[in-house]
Amino acid sequence: MLYLLRRVVVLLTTLLLVSFLVFMLPYLTPGDPARKILRARTGDLDLDPETVERLRIEYGLDLPIMQQYWNWLKDALGGDIGISYTSGRPVAGMLGSALANTATLAISALLFALVVALILGTIAAVKRGKPADSVITTITQGFVAIPEYWMGPLLVLVFALNMGVLPSAGWKGPLWMILPCLTLALRPMSYFTQVTRASMVDVLESPHITAARSRGLSFGETMLKHGVRNALLPVVTLFSVWLAGLLGGSVVVEVIFAIPGMGRMLYQAITNGDVPIIQASVVCVVGLTVIITTATDALYRLINPTVRTSHGTR
Amino acid sequence: MPDQLEIDNLTVSFGAEGAPPVLDGVSLGVAKGEVLAIVGESGSGKSMTAMSVMKLLPRGARMKAGGIRFDGVDILGADERTMNRIRGDRVSMLFQQPKRMLDPTATVGRQVAEPLRRYAGLSRHKAADRVIELLSDVGIAEPERRAKAYAHQLSGGIAQRVMIAMALAGEPELLIADEPTTALDVTVEVQVLRLIATKRAELGMSVLFISHDLGVVSSLADRIAVMYAGRIVEVGTTDQILRQPQHPYTRSLIKCATLARELDGSLFVIPGDVSSARSITKGCRFMPRCPVVEEAHLHDSCDAEEPPLSGCANGQVSRCWATIETRRSA
Ligand SMILES: Nc1ncnc2c1ncn2[C@@H]1O[C@H](COP(=O)(O)OP(=O)(O)O)[C@@H](O)[C@H]1O
Ligand SMILES: [Mg+2]
């Protein structure tokens, strides 16, 4: 309980700090914020001073900074995180749909990666030193080195252009998810496989496995009951690091496959100087990261009782 | 009547073909209800002998033997399914580091219940009750609380009692105990040894008890086999081994055991170590460390050929040229 409370306090403090830093963003870069907003909206370089002044008052940009931050925070807590400078639409709606798309893509890709990695990693560990292990290790090491901007077009070339079995770009349904998912999954899959293999080897050679076998459990039963759980620990941690990373959106994959997700939205917002979107996205991504880290930590404690008691929260 | 466990000419090796084996032609028998101890320094091949019987040798081990039979069952040729039915049910095992032998992520109760639910087919509820019975039966206080604990929350002594409870749950006919008290404090060691002795008498099982310390096995064993560098160097009844040891290595072990107990602090250590035997291909493997080779003027025969395991009328056998010489001239 105490542990949970502590984590919530950490979460809130982090969010508050990040929100302040993010709020200060437009003030840290040189130039007048009011002019920047107008420029973002109209693309016009020659601004009418009167219009600038009107906007300054409308947006409260003439108030002291802390006052502005307070107003912004109040609005944000009330669910109003601003209006996009460029599109004029509420940021909340844009952020919501972008995040949903990115999360769908990231979670499907990582779950796929995880399942494949657990199978491949276990095979490699059980057959360590044998041909199956070498093949798996070589292939995964290769995948790690292939960047997405290379793998994406390659997959499109093969499956969309040559074989014509899958759509090359767009975001209209499950069929459209396959190629971006694959592109995104291959690198984490390779890392997950390598980590699974290493931790499986550790587990296979740990004394308690031999002891369980000496009690008449078959190899398979022993692994299921006393191996997998132990071997899963490092993989869980790595999974959450990747999940947190991918929820910010993968610019490369979202641009290649024309997916309206976080990465593309943030990328466009930055090029257009669309500050409200940048602010909301960054706070959202940081918040999610902290939440995921906390959830992983809790899960880790659930799987590994050694951590649970050594921190004195039995 | 044949022995309950028979090991015939067992050889185990690792690594390249032709590398010196870690077990070399080991033959042993354990009669029904008997306690046979295997004694020898660390690295002499005791654990490999035990793991050969369980057929749980580490990866890369190659096993060759004339035969290993348990109660008429051919262990050497048995497949995994047959072994899974023997392990834990008819032959159980205890290990040196009990805390590391428990799954760190599962409670004691879950692990003890596992074979109960599998073999005896008990319901979850019945198994939980039986776990408490088994734990209190091996002298664990507050068994309900211990059943909920994880390995890292237990002392070594309690963990070994848990291992004993698990090993004996299926009332095995043979218990293989590989240095079960080596990692424990002396007072706890005595308690655990007593527990094993009590259980042996209760269940009438045979025991293959492994230790590096002759002192530990002397009260428990009916017979003792002394092992050195992968070879059996002497076998006899406990009385014979302790009162009239034939092999100089056995005499050194006795010195280690008794002196370590009597003069606390100034341990007797056999000079040199087991690794000196590795380079020896034809002579006696103990020669580099042997205290009698000089005075017996046997340097030539000890160097030229490994002595055979040879015995006198009372059944005691040993592997030493000096002993053979004495016996011949007597
Ligand atoms: N996995 C292994 N690979 C190679 N050699 C091993 C392995 N395990 C044990 N050995 C060797 O086998 C010999 C006997 O070991 P062991 O039976 O464990 O000795 P003991 O139990 O008497 O201390 C040792 O010299 C050890 O180095
Ligand atoms: Mg050993």
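Per an unreviewed UniProt entry, chain B goes by the name ABC transporter ATP-binding protein and belongs to Occultella glacieicola. Recorded in UniProt for chain B, the comment headed Sequence similarities (unreviewed entry) runs: "Belongs to the ABC transporter superfamily."

As recorded in an unreviewed UniProt entry, chain A goes by the name ABC transporter permease, listed as coming from Occultella glacieicola. The UniProt entry for chain A carries this comment under Subcellular location (unreviewed entry): "Cell membrane". In its Sequence similarities (unreviewed entry) section, the UniProt entry covering chain A states "Belongs to the binding-protein-dependent transport system permease family."

Visitor: Just checking my understanding: could you explain the site of ligand 1 for this structure?
Guide: All names here are of chain B. The full set of residues close to ligand 1 is Phe 14, Val 22, Glu 41, Ser 42, Gly 43, Ser 44, Gly 45, Lys 46, Ser 47, Met 48 and Pro 58. Between ligand 1 and Ser 44, the relevant distance is 3.2 Å, taken from an oxygen atom to a main-chain nitrogen or oxygen of the residue. For ligand 1, whose unbound accessible area comes to 570 Å², protein coverage reaches 65%. When the residues that make up the shell around ligand 1 are grouped by side-chain class, the tally is four nonpolar, five polar and two charged.

Visitor: How should I be thinking about a positive patch on the surface in this particular structure?
Guide: Residues A:Lys225, A:Arg229, B:Arg110, B:Arg117 and B:Arg124 make up a contiguous surface patch of positive charge. Those elements giving two or more residues to the positive patch turn out to be helix H10 (219-247) of chain A together with helix H3 (108-120) of chain B. Along the chain, A:Lys225 falls in helix H10.

Visitor: In this structure, what is going on with the interface of chain B and chain A? I would like to understand it.
Guide: It is common to give the size of an interface as the accessible area that goes away when the parts come together. At the junction of the two partners, chain B supplies 27 residues and chain A supplies 24 residues. On the chain B side of the contact with chain A, B:Arg59, B:Thr105 and B:Glu114 bury the most area, a combined 25% of that side's loss. Linking chain B to chain A there are one salt bridge. Among the secondary structure elements, those contributing two or more residues to the side of chain B that touches chain A are helix H1 (46-54), helix H2 (80-86), strand E7 (91-94), H3 and helix H6 (156-168) of chain B. When residues in the side of chain B that touches chain A are grouped by element, the largest group, five residues, is from H3(B). Along the lines of polarity and charge, the residues of the side of chain B that touches chain A split into 13 nonpolar, six polar and eight charged.

Visitor: For this particular structure, what's the right way to read the UniProt feature "transmembrane region" (unreviewed entry) in chain A?
Guide: Residue and element names in this part refer to chain A. Feature annotation in UniProt assigns "transmembrane region" (unreviewed entry) to the following positions: residues 103-126, 138-161, 173-192, 231-257 and 277-300. End C-alpha to end C-alpha, residues 138-161 measures 28 Å, and it is 92% helix and 0% strand. Along residues 231-257 the backbone is 85% helical and 0% strand, and the end-to-end C-alpha distance reaches 35 Å.

Visitor: How should the UniProt feature "domain: ABC transporter" (unreviewed entry) in chain B be read in this particular structure?
Guide: According to UniProt, the "domain: ABC transporter" (unreviewed entry) feature falls on residues 5-254 of chain B. In residues 5-254 of chain B, the share of helix is 39% and the share of strand is 24%. The end C-alpha atoms are 27 Å apart.

Visitor: Can you help me understand the nonpolar core in this one?
Guide: Buried together is how nonpolar side chains tend to be arranged in soluble globular proteins. Ranked by internal contacts, the top residues of the largest apolar core, which has 105 residues, are B:Leu135, B:Val162, B:Ile176, B:Phe209, B:Leu214 and B:Ile224. No other element matches the nine residues that H6(B) contributes to this core. Residue contacts for B:Val162: discarding those within four places in its chain leaves B:Leu102, B:Val108, B:Val112, B:Leu135, B:Ile140 and B:Leu154. Counting residues in each nonpolar core, the second largest holds 32 residues, with A:Leu105, A:Ala160, A:Leu166 and A:Ala244 among its members.

Visitor: Looking at this model, I keep getting lost on the confidence of the model for chain B. Mind explaining?
Guide: Keep in mind that low pLDDT regions are not for reading the predicted coordinates in detail. Residues at a pLDDT of 70 or more form 96% of chain B, whose mean pLDDT is 91. Model confidence for the complex is summarised by a pTM of 0.84, with the ipTM given as 0.91.

Visitor: Even after reading the chapter, I still don't get empty space enclosed by the protein, so can you show me in this structure?
Guide: Over the atoms a probe the size of a water molecule is rolled, and this reveals where empty space is left. Residues and elements named next belong to chain B. Inspection of the entire model under this criterion finds four cavities of 30 Å³ or more. Size it by volume and the largest cavity reaches roughly 80 Å³. Around the largest cavity sit 14 residues that line it, and Cys 284, Cys 290, Val 292, Cys 302 and Cys 320 are the ones nearest its centre. Residue composition of the lining of the largest cavity, by class: 12 nonpolar, one polar and one charged. Of the pockets and cavities examined, the second largest cavity occupies roughly 60 Å³. For the lining of the second largest cavity, the class distribution of residues is five nonpolar, one polar and four charged.

Visitor: Honestly, the side chain of B:Thr11 in this entry has me stumped. Any pointers?
Guide: All names here are of chain B. Note that Thr 11 resides in strand E1 (residues 5-13). With a relative accessible area of 16%, Thr 11 lands in the buried category. Among the polar contacts listed, one links the side chain of Thr 11 to the backbone nitrogen of Gly 25, at a separation of 3.2 Å. Ignoring anything within four residues of it in the chain, the contact list for Thr 11 reads Pro 21, Leu 23, Asp 24, Gly 25, Arg 62, Met 63 and Lys 64.

Visitor: Looking at this structure, how should I read unusual backbone geometry?
Guide: Note: most residues except glycine have negative phi, and most peptide bonds are trans. Unlike most non-glycine residues, B:Asp71 shows phi in positive territory, near 50°. One can find B:Asp71 in the loop between strand E5 (67-70) and strand E6 (73-74).

Visitor: Explain the environment of B:Glu114 to me, please; I cannot follow it from the model alone.
Guide: Relative to the helices and strands, B:Glu114 is located in helix H3. Assessed through its relative accessible area of 8%, B:Glu114 is described here as buried. The spacing of B:Glu114 and B:Ala65 is 49 residues in sequence and 33 Å in space, taken between C-alpha atoms. Filtering out sequence-adjacent residues up to four positions away, B:Glu114 remains in contact with A:Arg215, A:Leu217, A:Lys225 and A:His226.

Visitor: Can you walk me through the sheet that holds E7(B) in this structure?
Guide: Sheets are built from strands that pair by backbone hydrogen bonding, the pairs being arranged parallel or antiparallel. All names here are of chain B. The eight strands are arranged E7-E8-E9-E3-E10-E11-E13-E12 in an open sheet whose pairing can be described as mixed. Each having just a single partner strand, E7 and strand E12 (310-311) make up the two edges of the open sheet. Where E12 and strand E13 (residues 317-318) come together, two bridges link them in antiparallel fashion. Bridged to Ser 310 within E13 is Ser 318.

Cut-off values and rules
- Residues numbered from 1 in each chain as written.
- Chains lettered and ligands numbered in written order.
- Predicted model: local features only at pLDDT ≥ 70, side-chain atom pairs only at ≥ 80, totals over all residues.
- Heavy atoms only, no water.
- UniProt positions renumbered as here; feature names shortened; annotations may be inferred.
- Near = heavy atom within 4 Å.
- Polar contact = N/O pair within 3.5 Å; in protein donor to acceptor, adjacent residues only side chain to side chain.
- Areas by Shrake-Rupley, 256 points an atom, 1.4 Å probe, with all protein chains shown as cover.
- Nonpolar A, V, L, I, M, F, W, Y, C, P; charged D, E, K, R; others polar.
- Patch = residues over 30% accessible without salt bridge, like charges linked within 9 Å, V, L, I, M, F, W, Y side chains within 5 Å.
- Salt bridge = Lys/Arg side-chain N within 4 Å of Asp/Glu carboxyl O.
- Lys, Arg positive; Asp, Glu negative; His and termini not counted.
- Charge placed at Lys NZ, Arg CZ, Asp CG, Glu CD.
- Helix = DSSP H or I, 4+ residues; strand = E, 2+ residues; numbered from the N terminus.
- Contact = heavy atoms within 4.5 Å.
- Buried area = accessible area lost by both parts, 1.4 Å probe.
- Core = buried A, V, L, I, M, F, W, Y, C linked by side-chain atoms within 4.5 Å.
- Buried < 20%, exposed > 50% of the residue type's maximum accessible area, 1.4 Å probe, protein only.
- pLDDT = per-residue confidence, 0-100.
- 1 Å grid on protein atoms, 1.4 Å probe; cavity = no way out; pocket = protein on both sides within 12 Å on 5 of 7 lines; lining within 4 Å.
- Points joined across faces, edges and corners; volume = space filled by probe spheres on them.
- Pairing = 2+ DSSP bridges.

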